[in-house]
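Structural overview
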Amino acid sequence: MITKEQLVDGFAVNLQLIQLQVEGLEHADSLVQTPYNINSLNWVLGHIAVNRDNVLRLLDQAPLLNEAETDRYKRDSDPIKADSETIISLERLLDILVRGQEALDTAVARLTEAELERQIQVGGHTMTVANRMHGFYFHDTYHTGQTDLLRQVAGVNDKVI
């Protein structure tokens, strides 16, 4: 079984990788759209924030994004092709991710083993809270990996890690 320490550490490492990948980038860089069927860095970071809000909700904590922001960055939302009032700035996205990590750290630290092993319904499946969190962590890691390519799409042409 994955432990709560492993989950928190995993999310924290992903945040560190994200911070390295966006270092030196401007908000406009985060909006560059690829010619392929993947979204911009801005959308990916917003989507990671939505995913982390789902973890907070699972742990009965308040999400950091409001409903309109969540809708803008949720799965199958429209690609971000230009800046608009519905787009969260790169700086604010990073702040949300940092604050979300702090909230996640605090919420997970309070979890008991019994709470981690509690059975929940997700769609038509029954799983433990720990397994659901691990799924969210996997999703987080998948999109964190995309930031490497999206940094290059922004025109940086370097190697961070």
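This write-up is about the structure you can find in this document.

Definitions and cut-offs
- Residues numbered from 1 in each chain as written.
- Predicted model: local features only at pLDDT ≥ 70, side-chain atom pairs only at ≥ 80, totals over all residues.
- Heavy atoms only, no water.
- Salt bridge = Lys/Arg side-chain N within 4 Å of Asp/Glu carboxyl O.
- Buried < 20%, exposed > 50% of the residue type's maximum accessible area, 1.4 Å probe, protein only.
- Helix = DSSP H or I, 4+ residues; strand = E, 2+ residues; numbered from the N terminus.
- Contact = heavy atoms within 4.5 Å.
- Expected span 1.5 Å × (residues − 1).
- Arc of directions from axis to C-beta.
- 1 Å grid on protein atoms, 1.4 Å probe; cavity = no way out; pocket = protein on both sides within 12 Å on 5 of 7 lines; lining within 4 Å.
- Points joined across faces, edges and corners; volume = space filled by probe spheres on them.
- Nonpolar A, V, L, I, M, F, W, Y, C, P; charged D, E, K, R; others polar.

Per the stated rule, a full pass over the model turns up 6 salt bridges. Its salt-bridge partner being Lys74, residue Asp71 comes within 3.5 Å of it at the nearest N-O pair. Note that Asp76 and Arg75 form a salt bridge whose closest N and O atoms lie 3.9 Å from each other. Using a relative accessible area of 67% as the deciding quantity, one classes Arg75 as exposed.

Considering the arrangement of structural elements, one finds Thr147 in helix H7 (residues 129–153). Discounting residues that sit within four places of it in the chain, Thr147 has contacts with Ile18, Gln21, Leu41, Val44 and Leu45.

Before going further, it helps to examine the environment of Leu64. Within the secondary structure layout, Leu64 lies in the loop between helix H3 (41–58) and helix H4 (67–73). Sequence separation between Leu64 and Arg52 is 12 residues; the distance between their C-alpha atoms is 9.0 Å.

Right, let's get into H3. If you check H3, its first and last C-alpha atoms are 26 Å apart, about what 18 residues at 1.5 Å a residue would give, namely 26 Å. Looking at the residues trailing H3, positive phi occurs at Asp60, about 60°.

This part covers helix H5 (residues 90–110). The end-to-end C-alpha distance of H5 is 31 Å, a good match for the 30 Å that 21 residues give at a rise of 1.5 Å each. Taken as a whole, H5 has its buried residues at Leu90, Leu93, Ile96, Leu97, Gly100, Gln101, Leu104, Ala107 and Val108. Seen from one end, H5 has its buried residues packed into an arc of 140°, which puts them on one side. Counted as exposed and oriented over 90 degrees from the buried face of H5: Glu91, Ala109 and Arg110.

By the definition in use, this model includes 1 cavity of 30 Å³ or more. Roughly 40 Å³ of volume is contained in the largest cavity. Ala49, Arg52, Asp53, Leu56, Leu64, Ile96, Leu97 and Gly100 are the residues that line the largest cavity. For the lining of the largest cavity, the secondary structure elements donating two or more residues are H3 and H5. Counting residues per element, the lining of the largest cavity draws most heavily on H3, which supplies 4 residues. When the residues that make up the lining of the largest cavity are grouped by side-chain class, the tally is 5 nonpolar, 1 polar and 2 charged.

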